[in-house]
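Chain and residue survey
Listed here are the chains, written in short residue letters.
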Amino acid sequence: MLGGGRHVFVGGGIASLAGAALLLRDHGVRGTDIVILEASPQIGGSLDATPYANDLYLMRGARMFEAHYVCMLDLLGAIPSPDGSGNSLRDDLIAFNEEHRVPYAFDQLVDGRILGRHSGGLRSGQLAAFLRMMVAPEGRLDGLKISQCLPRSYFDSEHWLAASTVFAFQPWHSAAEFRRYMRRFLHFVMPPEVRTPVFSTRYNQRDSIIAPLHDWLLRSGVEIRTASRATDARFEQEGSGRRIVEILTEAGPFTLGGDDRAYLTLGSMIDGAAIGAPNEPPPAPPGTLPAWEFWEQVSRRAPGFGRPDAFRADRRRTEWQSFTITLHDGNLGAHLAGLRPAGAHPSALVALAGSPWRLSILQVEQPHFRDQAAGTEVIWGYGLRPDLPGRFCGVPMTEATGRQILDEIAGFLRLDGGERSRVFGDATVIGCRMPMITSQFLPRRRGDRPAVHPEGALNYACIGQFVELPDDTVFTVEYSVRSAWHAVASLNKGGPEPPGVVHPDRDLALIARALRYALRPAPSSGKG
């Protein structure tokens, strides 16, 4: 391990921000010795949210949290809340969720009504195949798709609808990653009376996490360079190991001295995202993918960086589309709440059952932006199959205007003309195509993802969603923070190791309840 020196992070997502915070908190590094290089004009990666012109709003993505995100919660405990209360971001997150408990991650809208009931709905043969996948050693699932491990009928079950909606899986995604999810989030596949609540932030994740963390880092002296794209790195052999001596950027080389360390974000879920104009279809994603091109370059320069091509082979398998609705005189959130049966608890996501686009809407507390205009409501949603024609508008989601997206939602809500005007009012929709958003879910083999600290790496480590962390699950904030914690611990003396991954799948009583629940028949109707 090294001592002293500077620390440079490539990428400005939550992994890099967390790594910088951990250096400050756990290792006594001066903020002035930390530099973050981000290619885009803003930091935060996929945890973004942007006020648009004319009191409109945009979010490319959204994340749910839960109590087992131990690395993330530990980090948030070190960051002061911006409200001046003296509390931490973790304190604020816990307090908000005590006030606004959301017991369910998922519900579905059927026949214009939200079911408010949950089941697995698996038949014995489907459950048997599912259990074989769950108990198989992960190595046996190397390179396999989910569809190669489970019968075709499983993908018509409510169990699959819930898992694929909440976690964004498709049948062609990695069986190994799906297995990890089903074990890691076993407590989500539970009867409502014992299910662990979903956590959500007080505002969107940029306002609630990224902005306060960014401000705290700046106050601590950390240098954050936006619009600073890293394109390559230069390595030198030193004995049996390798050292990064330069990080090449579009603005020129960043030279590393003998005690300096580099933390490299490899790949990106939101590279190539294309945002549409208000009520217009988003444009085709650009061909350039800066984070992926950087990963490909360093993988050519030195061994141990995995195989980036395994995760960018086919954009048709990794793209979905999100949308943000700004309502100035509508009441979509209240209308959705009114569709639940009396006494039913709220859920974070509502899937529109039967949607060819696989549409889901995220229900959030308002205001969702810290400076959101009074009387304005912001709703976020997504479609997992934007390539297919909609049921009501007849065009693929990628070609749909804002009005056509509202047509599709209105059709499933069974809104007539007058109701539509009352629910949507003068709504504006901004769409976003994300061609790489589930790239980390593609089938992988051993070695496709690099270790956090590659063998022979003397002064560098890898962070983000495309490194290998045994037992944990990608597409979560927890994974990014955990990767940063391992990277910082591997290159610096002292400091705590990251807390271990929580294993609900080792609780025998929980497993027994999950099995009974998986076999519970699915509701046959949205009524009653």
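This section reports on the structure supplied with the text. Within every chain, residues take consecutive numbers counted from 1 along the sequence as written. Only residues with pLDDT of 70 or above have their local features reported here, since the model is predicted, and side-chain atom pairs are shown and tallied only from 80 upward, although totals for entire chains, interfaces and linings are computed over all residues. Only hydrogens and water are removed before side-chain values are computed, so all heavy atoms of the structure are retained for them.

**Considering the sheet that holds strand β11 (residues 261-265)**
Reading across the sheet, the five strands line up as β7-β2-β1-β11-β18 and stay open at both edges, with parallel pairing between neighbours. The open sheet terminates on both sides in strands that have one partner only, identified here as β7 (223-225) and β18 (460-463). Across this sheet, the average inter-strand angle for adjacent strands is 15 degrees, counted without regard to direction. Strands are treated as partners if at least two bridges between them are detected by DSSP. A run of H or I in DSSP becomes a helix once it reaches four residues, and a run of E becomes a strand once it reaches two; helices and strands are each numbered from the N terminus. Pairing of strand β2 (residues 34-37) with β7 involves three bridges; the strand directions are parallel. Note that in β7 the partner of V35 across the bridge is E223. Here an axis means a line fitted to C-alpha atoms, over the contact stretch when the element is a helix, while the angle between two N-to-C directions is reported on a 0 to 180 degree scale.

**A word on the packing of helix α1 (residues 14-27) against helix α12 (residues 477-491)**
As a packed pair, α1 and α12 sit with axes 8 Å apart at the nearest point and diverge in direction by 45 degrees. Taken together, the axes of α1 and α12 are oblique relative to one another. Crossing of α1 against α12: the hand is right-handed. Where α1 abuts α12, its residues I14, A15, A18, G19, L22, L23, R25, D26 and H27 lie against V477, S480, V481, S483, A484, W485 and V488. By the convention adopted, Pro, Cys, Tyr, Trp, Phe, Met, Ile, Leu, Val and Ala count as nonpolar, Lys, Arg, Asp and Glu as charged, and the other residues, Gly among them, as polar. Tallied by class, the residues present in the contact of α1 with α12 amount to 10 nonpolar, four polar and two charged. With respect to orientation, any angle under 35 degrees is reported as roughly parallel, any angle over 145 as roughly antiparallel, any angle of 65 to 115 as roughly perpendicular, and every other angle as oblique. Each crossing is labelled by how the near helix is turned from the far one, with a counterclockwise turn of less than a right angle marking it left-handed and a clockwise turn marking it right-handed. Contacts were defined at the residue level, with two residues in contact if any of their heavy atoms lie within 4.5 Å.

**Brief notes about the pairing of β11**
When you tally the buried positions in β11, you get five out of five residues, the bulk of the element. Judged from the four bridges that link them, strand β1 (residues 7-10) and β11 form a sheet pairing that is parallel. Each residue of the ladder has a partner; that of V8, found in β11, is A262. Bridge analysis of β11 against β18 gives four bridges, and the strand direction is parallel. Among the inter-strand pairings, T265 is bridged to a residue of β18, identified as I463. When a residue's accessible area, from a 1.4 Å probe over protein chains only, is under 20% of the maximum for its type it is buried; when over 50% it is exposed; and in between it is partly exposed.

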